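# Architecture at a glance
Listed below, chain by chain, are the residues.
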Amino acid sequence: MKDNLKHSNKNSLKHVLFGSLIGTTIEFFDFYIYANAAVLVFPQLFFPSNDSTNSVLLSLATFSIAFLSRPLGSAVFGHYGDKIGRKTTLVIALLTMGISTVCIGFLPSYASIGITAPLLLMLCRFGQGVGLGGEWGGAVLLAIENAPPNKRAWYGMFPQLGAPIGLLLSGGTFLILTDTMTSEDFLDYGWRIPFIASSLLVVVGFYIRLKITETPAFENAKKEKEEVNIPFFTLLKFYKNQLIFGTFAAITTFLVFYLMTVFTLSWATSDLGYSKRDFLLMQLFSVLFFALFIPVSALIADRIGRRKMLIYATIAIAIFGFTFSFFLNSGNTVLVTLFLCVGMALMGFTYGPLGTFLSELFPTTVRYSGTSLAFNLAGIIGAAFAPMIAIWLATQYSLTYVGFYLSTAACISLFSLLMVSKKEHKF
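Given the structure is predicted, the values throughout are model-derived calculations rather than measurements. (Residues numbered from 1 in each chain as written. Predicted model: local features only at pLDDT ≥ 70, side-chain atom pairs only at ≥ 80, totals over all residues. Heavy atoms only, no water.)

Helices and strands together make up the secondary structure of the chain, namely 22 helices and 0 strands. Considering only C-alpha atoms, the chain reaches an extent of 65 × 45 × 35 Å along its principal axes. Burial statistics for the chain: of 427 residues in total, 60% are counted as buried. Here the analysis covers contacts within the chain between residues at least 6 apart in sequence; of these, 86% occur between residues at least 24 apart. If you sum the accessible surface of the chain, you get close to 16600 Å²; carbon and sulfur atoms cover 68% of it. Both charge centroids of the chain, one from 29 positive and one from 21 negative side chains, sit 12 Å from each other. (Helix = DSSP H or I, 4+ residues; strand = E, 2+ residues; numbered from the N terminus. Buried < 20%, exposed > 50% of the residue type's maximum accessible area, 1.4 Å probe, protein only. Contact = heavy atoms within 4.5 Å. Areas by Shrake-Rupley, 256 points an atom, 1.4 Å probe, with all protein chains shown as cover. Lys, Arg positive; Asp, Glu negative; His and termini not counted. Charge placed at Lys NZ, Arg CZ, Asp CG, Glu CD.)

This part takes up the side chain of R125. Considering the arrangement of structural elements, one finds R125 in helix α7 (residues 116-144). If we ignore the near neighbours within four places in the chain, the residues touching R125 are F31, Y34, T62, F63, I65, A66 and S69.

Contact geometry for helix α14 (residues 240-270) and helix α15 (residues 276-304): axes closest at 10 Å, N-to-C directions at 165°. By the criterion of interaxial angle, the relationship of α14 to α15 is roughly antiparallel. Crossing hand, α14 versus α15: right-handed. Here F257, M260, T261, T264, L265, A268 and T269 of α14 lie close against α15, whose contacting residues are K276, F279, L280, Q283 and F290. Here the residues of the contact of α14 with α15 are counted per class, giving 7 nonpolar, 4 polar and 1 charged. (Axes fitted to C-alpha atoms, helices over the stretch in contact; angles between N-to-C directions. Parallel < 35°, antiparallel > 145°, perpendicular 65-115°, else oblique. Left-handed = near helix turned anticlockwise from the far one by under 90°. Nonpolar A, V, L, I, M, F, W, Y, C, P; charged D, E, K, R; others polar.)

So, about the packing of aromatic side chains. Describing an aromatic ring pair means giving the distance of the ring centres and the angle of the ring planes. Per the counting criterion, the structure on display carries 27 aromatic pairs. Arranged with centres 5.8 Å apart and planes meeting at 50°, the rings of F257 and F290 form a pair that is tilted. Here F290 lies in helix α15 and F257 lies in helix α14, a separation of 33 residues in the sequence. A residue is classified by how much of its surface remains accessible, and F257, at 3% relative accessible area, is buried. Of the residues examined, F290 reaches a relative accessible area of 0% and is grouped as buried. A cation over a ring is seen here: R125 above Y34, with NZ or CZ 4.1 Å from the ring centre. (Phe/Tyr/Trp six-rings, centres within 6.5 Å; stacked < 30°, edge-to-face > 60°. Lys NZ or Arg CZ within 6 Å of the ring centre and 35° of its normal.)

Keep in mind these numbers describe shape, not what the thing actually does.
The following block contains the structure:
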């Protein structure tokens, strides 16, 4: 205990929490400006077609690339995070994501260089995924491995707040640009501004991360010579069940979020008659509920347990799926806004304690790898193709089936939460 306190004094509470929050805010800002552009800009500039639906689907296909590359980032950064430490790995992951994002802002369009344009876009998106795959797990561990045992969910909530903050910044930026520029200027150069401007945020994050020392848990493991040669192999050999059930426990978190953001933005503006500006405003308002219920869920999770909190939230999401068509097809702006707010509130309830829950499944020596892989594999299953699948279901059948899709995923996550077993690991 004395060693823990001695080590933890190296990192002030302010630096730990702000360091974990600023990184994920930057990463998710970068990630979400791509999501907005994939719906609002890229179909016209990088995937022009006589069929607008086909252009959107091709654009959303590149959106999924980052989810496919995130496990690679988890494996690579997780390996070095468990071997050489959280701090250095986090700095490199931040730079990987930041450079990839800035490069998107300088890409020429399809009209300028033809097929090379979407190929370069896909390469940059791949880099975004690799960077985020290594960033999230390290940021969560930075917070949790500096936390008192009875406040792990509360500390682990801070990097999770990066998601709604990043979403508000990205959505707000696009909203300001579309309000202050003509459509022609926005498509010509305006959309590039948030991608290039993200470099300023990266510089801030880089500076903060350099000021933070290694976490007490990692230093203690290193001092006691508990390192393993290849964390990935150790993970698969001894913690396979935790990895599998942890992954499926998290898929609903991803699905509900991308249905509430990317899918609804695309569907509402293309099929329900909402203007892009109006619906972006509705979405940004709903994100406030996402941000609000992340700390609420963390406080509850520290009282009743992380797993139990996730079980209750998952059951609520399964029920919510059955209301999908009723609210979204209502034609009533108030009901649609309420629908978005409830969905985002549920997202906050499940997202707040998720990082802490996943990190507690694994010991220090493989925690970076295990937490990151479970989270990002869940991203592939729950979100990589979610907007495309949802659009296909809504087009071929109806919005009711999109709700069934969500409820089915929630049932799978609920089963996994009930099946997962957690041993008490030393922090």
